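Residues per chain are reported as follows:
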Amino acid sequence: MWPDHRIQKLLGIELPIIQAPMAGAQRAELAIAVANAGGLGSLPCAMLSPEQLREQVAQFRSAAPGRSLNLNFFCHRTPLPDPAREAQWKQRLAAYYREFGVDPDAPVTSASRAPFDNRFCDLVEQLRPEVLSFHFGLPDAPLLDRVRACGAKILSSATTVAEARWLAARGCDAVIAQGAEAGGHRGMFLTDDIATQIGTFALLPQIVDAVRVPVIASGGIGDARGIVAAFALGASAVQLGTAYLLCPETRLAPLYRAALLRAIAADVEAEAELKVDLNVDFKAESKVKANANANANAETNADTNSESRTASFNATNESTQPASSHRSVVAAVAAPGVAPGVAPVDAPIDGTIDPLRAASFINVSPEQSIEVSDQMSSNPSAADATALTNLFSGRPARGLINRLMREQGPMNPAVPAFPQAAAALAGLRAKAEAAGDDGFMSLWAGQAVAMARSVSAAELTRQLATDALAHLGRFVR
Ligand SMILES: Cc1cc2nc3c(=O)[nH]c(=O)nc-3n(C[C@H](O)[C@H](O)[C@H](O)COP(=O)(O)O)c2cc1C
């Protein structure tokens with residue numbers, strides 16, 4: 001049994017699991033799958049036109065009748081244009097423009113990020129979502145009053161205790177505690193100092209102590225152990241983003257999906273190398289030869305221009321090996337077109353997994369190998385494959401480290417204000433992407449990226465809940 005039911009009651013859901021809204025990475029399909037599995041499905045709206053928003057909501061309503069829907073909006077203030085700063089930033093990018101043959105002054109056609117305003121509020125009044133969540137604070141009081149009058153429950157992200165108090169004082173029904181591990185944009189709004197951004201383990205209990213409303217834990221939660229930890233720290237629910245990224249219901253650019261798979265494969269490779277270094281005995285009886293071909297991703301055709309080397313990898317799963325290696329293998333092998341695996345329901349909470357069960361859920365033929373691109377060898381493991389960067393939008397966000405981040409950041413004070421910074425990169429991103437190069441695209445992902453699994457979002461949601469309940473049961477016994 002869940003230790004706290006406040007969020008289920010408040011939001012009208014069966015499971016205390018919220019699928020994080022992920023602008024640019026998903027549409028209604030993901031929200032539908034999670035909602036039908038009993039969690040809260042979320043639709044990111046900041047980059048949608050009113051017509052697209054209507055369509056997405058209609059799609060959700062017909063595929064998930066009677067289920068609660070969360071519409072998510074940004075609450076930033078649109079900055080005044082600053083041509084001098086923009087010109088200076090473009091100057092800094094000039095060598096890249098030349099390299100890719102991009103006209104820096106060509107009009108930008110990509111979707112931008114719009115704040116919640118009257119136009120969005122009119123739509124909310126018509127569409128009547130059960131839940132509205134905000135990032136970067138809250139809209140002004142008159143707009144917030146209109147949202148409340150529609151009957152929608154209101155959530156927003158806090159990245160500090162002060163932000164949580166601020167949100168609760170303005171009538172938020174629940175606060176999302178967003179730890180620094182989280183993928184995507186920091187929801188920070190009372191400060192722009194990233195030194196104030198702390199991890200979920202430190203942030204969550206302090207927010208729980210500071211506000212009376214229920215608190216939703218977010219950031220770095222990748223499996224049932226993270227969910228149990230969040231409840232132990234006082235959370236009433238969890239919100240997961242990165243864990244869902246590889247689900248087939250997301251809408252990732254092929255290069256983005258490939259980069260995630262490479263990051264995970266690099267984790268597996270690093271662990272294998274470590275075992276070799278330590279001269280680990282590979283003759284264990286229950287040997288599992290896992291395969292993964294992270295780059296042979298039929299859907300992506302990624303990396304056509306990068307030199308790949310093949311690293312043959314024999315994952316020897318002894319009962320004392322940490323669970324993380326198995327999960328990584330599962331995620332890496334389960335590229336589209338390859339049978340996905342699911343971590344065993346009864347994986348013990350101490351992080352060990354029975355090797356024979358591991359073999360059954362890995363579900364791969366024994367003689368295959370992992371291909372790991374040289375690109376990732378500078379990232380020793382998936383856990384440190386990400387960084388906070390302001391380069392892509394003008395606000396700090398966590399993503400996989402790529403060329404632009406390595407060469408210009410990851411944080412750079414010269415970047416134009418949010419969301420205008422995106423315009424200077426639009427042409428570069430498009431040209432590079434067309435050439436199979438992910439060096440100029442935002443690859444949002446959190447620090448628990450190695451735990452992402454290529455299973456259906458419904459299956460993942462149900463599995464997370466089942467495993468968390470099993471672990472919680474062991475604690476109370
Ligand atoms: C790809 C991606 C896009 C995101 N976009 C949004 C967004 O549009 N709105 C929002 O409130 N949060 C967004 N987030 C942040 C999530 O709400 C949440 O804080 C985060 O995913 C939790 O950490 P995790 O990724 O470690 O699970 C995004 C996160 C990711 C990974």
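Whatever comes next refers back to the structure up there.
Residues numbered from 1 in each chain as written. Predicted model: local features only at pLDDT ≥ 70, side-chain atom pairs only at ≥ 80, totals over all residues.

(A) The pairing of strand β6 (residues 174–178), seen in detail. The buried fraction of β6 amounts to five of the five residues, a majority that puts the element mostly inside the structure. What you see with β6 is no split at all: A174, I176 and Q178 on one side and V175 and A177 on the other are buried throughout. Of the pairings in the sheet, the one linking strand β5 (residues 153–158) to β6 comprises four bridges and is parallel in character. In the sheet register, S157 faces β6, and the bridge partner there is I176. The β-α-β motif built from β5, the intervening helix α8 (residues 161–169) and the parallel element β6 has right-handed crossover chirality. For β6 and strand β8 (residues 215–218), the ladder comprises four bridges, and the chain directions are parallel. Bridging across to β8, A177 finds its partner in A217. (Buried ≥ 20, exposed ≤ 12 C-beta atoms within 10 Å, placed from the backbone. Helix = DSSP H or I, 4+ residues; strand = E, 2+ residues; numbered from the N terminus. Pairing = 2+ DSSP bridges. Right-handed = clockwise from strand over helix to strand, strands pointing away.)

(B) Summary view of the packing of helix α2 (residues 28–36) against helix α3 (residues 50–63). Packing of α2 against α3 brings their axes to within 9 Å, and their N-to-C directions diverge by 25°. With respect to α3, the axis of α2 lies roughly parallel. Relative to α3, the crossing made by α2 is right-handed. Packed against α2, whose contacting residues are A28, A31 and I32, the element α3 presents Q56, Q59, F60 and A63 at the interface. Across the contact of α2 with α3, the residue classes break down as five nonpolar, two polar and no charged. (Axes fitted to C-alpha atoms, helices over the stretch in contact; angles between N-to-C directions. Parallel < 35°, antiparallel > 145°, perpendicular 65-115°, else oblique. Left-handed = near helix turned anticlockwise from the far one by under 90°. Contact = placed C-beta atoms within 7 Å. Nonpolar A, V, L, I, M, F, W, Y, C, P; charged D, E, K, R; others polar.)

(C) Quick peek at the site of the ligand. The environment of the ligand is formed by 29 residues, the closest being A23, G183, G184, G241 and G446. Secondary-structure elements contributing two or more residues to the shell around the ligand are β7 (184–185) and β9 (237–240). Residue composition of the shell around the ligand, by class: 14 nonpolar, 14 polar and one charged. Each of domain 1 (11–76 + 114–240) and domain 2 (82–112 + 253–455) accounts for three or more of the residues forming the shell around the ligand. (Near = placed C-beta within 6 Å. Domains from an automatic or database assignment.)

(D) The arrangement of helix α10 (residues 224–232) in detail. Most of α10 is tucked away: seven of the nine residues are buried. Taken together, the buried positions of α10 are occupied by A224, G226, I227, V228, A229, A230 and F231. The positive-phi residue at the C-terminal boundary of α10 is G234, with phi of around 105°.

(E) Summary view of the pairing of strand β4 (residues 131–135). In terms of burial, β4 is a largely internal element, five of the five residues being buried. Side chains of β4 alternate between two faces, with V131, S133 and H135 and L132 and F134 buried alike. Inspection of the sheet shows strand β3 (residues 69–74) paired to β4 by five bridges, in the parallel sense. Of the residues in β4, the one forming a bridge with N70 is V131. Across four bridges, the pairing between β4 and β5 is parallel. Bridging from a neighbouring strand, L132 pairs with I154 of β5.

(F) Just the sheet that holds β4, in detail. In space, the eight strands of this open sheet follow the order β1-β9-β8-β6-β5-β4-β3-β2, with parallel pairing throughout. Unpaired on one side and paired on the other, β1 (17–19) and β2 (41–44) mark the two borders of the sheet. Shown here is a sheet whose adjacent strand axes are inclined to one another by a mean of 25°, direction ignored. Judged from the four bridges that link them, β2 and β3 form a sheet pairing that is parallel. By the bridge assignment, P44 is partnered in β3 with N72.

(G) The arrangement of α2 in detail. Judged by how many residues are buried, α2 sits mostly within the fold: seven of nine residues are covered. Turning to α2, its buried residues number three or more, namely A28, L30, A31, I32, A33, V34 and A35. Downstream of α2 by one or two residues, G38 has phi in the positive range, about 110°.

(H) Local environment of the packing of helix α6 (residues 118–127) against helix α7 (residues 141–149). For the pair α6 and α7, interaxial distance at closest approach is 9 Å and the crossing angle is 10°. Here α6 is positioned roughly parallel relative to α7, judged by the angle of their axes. Contact residues: C121, V124 and E125 in α6; L143, R146 and V147 in α7. Here the residues of the contact of α6 with α7 are counted per class, giving four nonpolar, no polar and two charged.

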